[in-house]
Amino acid sequence: MTQTHEAFRTRQKQLWIKTDAPFPLKLAYTDAGTGDPVILLHGIPTWSFLYREIIPALARNFRVLAPDFLGHGYSDHRDRFDRSLRAQTQAVLAFMDELGIKRAHIVGHDTGGGVALILGIMHPDRVSRLVLSNIVCYDSWPIADMIHLGDPQWRARPAAEVAAFVADGMAEGLHNQDRNTAEFRDGIVAPYSTEEGKISLIRNASALNTNHTMELVDRHCEITAETLLLWGIHDPWQALNDGEKLADEIPASHLMRLENASHWLQQDCPEEYSRAVSKFLTGGLAAIKPSNNI
């Protein structure tokens, strides 16, 4: 693995959480900085490594917590628990409880954005401000590659083949192909390059369920937290029109289009992404309206 991956991995901590699973589950996470807590939620097939360039920037002003979802990254890989959006939401709440965090800013991307929607709608008392970036919503997901990856037939294939399939697909979600580095690809697939990691990734993919976002559609209007929709406009999977629809449906929200980014916007334009998130979390919607835009 690359030095960047190893350095990131070394800084991770772990704790054990209790959910509906029949045993405690291990959650790996990064904890950096001081101030109001910000929880960064990744998606599939990534892990908190996706935020490696975002964490230091936000940690100048906030306590930044970046957990790996259950079954993702270096959190629990055992083949005996639920990995759905509902289960991941339960894990985030248990994570907050274990750390004594009553309320936090929530930043969600991809399936992490689906979890962020659930938190904003069903647990508004735990959410300060909300950032949604190219999230799964409505019925536009799971994408074809993830449906394919959830096929049980992948179990018989070598872990290296599964990791290569994931690594090769990362380019499609980047607008700036010079950012499609070996450091990025290798870091993302590292946790899934073992036999246990391979099976865990397959289970993660098979747990994707459009019903878990469609059941929220009529409740987007219930989100009370100020919400920034920070969207990479070149996304081939979670299209801009979904961000536009969410902006219409979430009352206190604003859509900011990132013109130089696709799906993996934290990799495409980390400085612009960090700047927008930090400005919003510090000053709310008033700080990021068009007249004050970055």
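Here's a quick rundown of the structure.

### Considering the packing of aromatic side chains
Tallied over the entire structure, the rule returns seven aromatic pairs. Between the aromatic rings of Trp154 and Phe165, the centroid separation amounts to 5.0 Å while the plane-to-plane angle is 45 degrees, which identifies the pairing as tilted. Of this pair, Trp154 sits in the loop between helix H5 (144–149) and helix H6 (159–169) while Phe165 sits in helix H6, and the two are 11 residues apart along the sequence. Phe165 sits in the partly exposed class, given a relative accessible area of 22%. Here the guanidinium or amino end of Arg9 rests over the ring plane of Tyr74, the centre of that ring lying 4.0 Å away. Above the ring of Trp154, the side-chain terminus of Arg157 is found at 4.2 Å from the ring centroid.

### As for the layout of surface pockets
Considered as a void within the structure, the largest pocket measures approximately 170 Å³ in volume. Around the largest pocket, the lining residues are Lys26, Tyr74, Ser75, Asp76, His77, Arg78, Ala190, Pro191, Thr194 and Glu196. A class-by-class count of the residues in the lining of the largest pocket yields three nonpolar, three polar and four charged.

### Remarks on the nonpolar core
One recurring pattern in soluble globular proteins: nonpolar side chains tend to sit buried together. Grouped together as the largest cluster of nonpolar side chains are 101 residues, with contacts concentrated most on Leu40, Ile106, Leu230 and Tyr273. With seven residues, the top contributor of residues to this core is helix H3 (residues 85–98). Ignoring any residue separated from it by four or fewer positions in sequence, one finds Ile106 in contact with Ile39, Leu41, Ala116, Leu119, Val127, Arg129, Leu130 and Val131.

The rules behind these values
- Residues numbered from 1 in each chain as written.
- Predicted model: local features only at pLDDT ≥ 70, side-chain atom pairs only at ≥ 80, totals over all residues.
- Heavy atoms only, no water.
- Phe/Tyr/Trp six-rings, centres within 6.5 Å; stacked < 30°, edge-to-face > 60°.
- Helix = DSSP H or I, 4+ residues; strand = E, 2+ residues; numbered from the N terminus.
- Buried < 20%, exposed > 50% of the residue type's maximum accessible area, 1.4 Å probe, protein only.
- Lys NZ or Arg CZ within 6 Å of the ring centre and 35° of its normal.
- 1 Å grid on protein atoms, 1.4 Å probe; cavity = no way out; pocket = protein on both sides within 12 Å on 5 of 7 lines; lining within 4 Å.
- Points joined across faces, edges and corners; volume = space filled by probe spheres on them.
- Nonpolar A, V, L, I, M, F, W, Y, C, P; charged D, E, K, R; others polar.
- Core = buried A, V, L, I, M, F, W, Y, C linked by side-chain atoms within 4.5 Å.
- Contact = heavy atoms within 4.5 Å.

Functional significance is not addressed by these values, which are geometric in nature.
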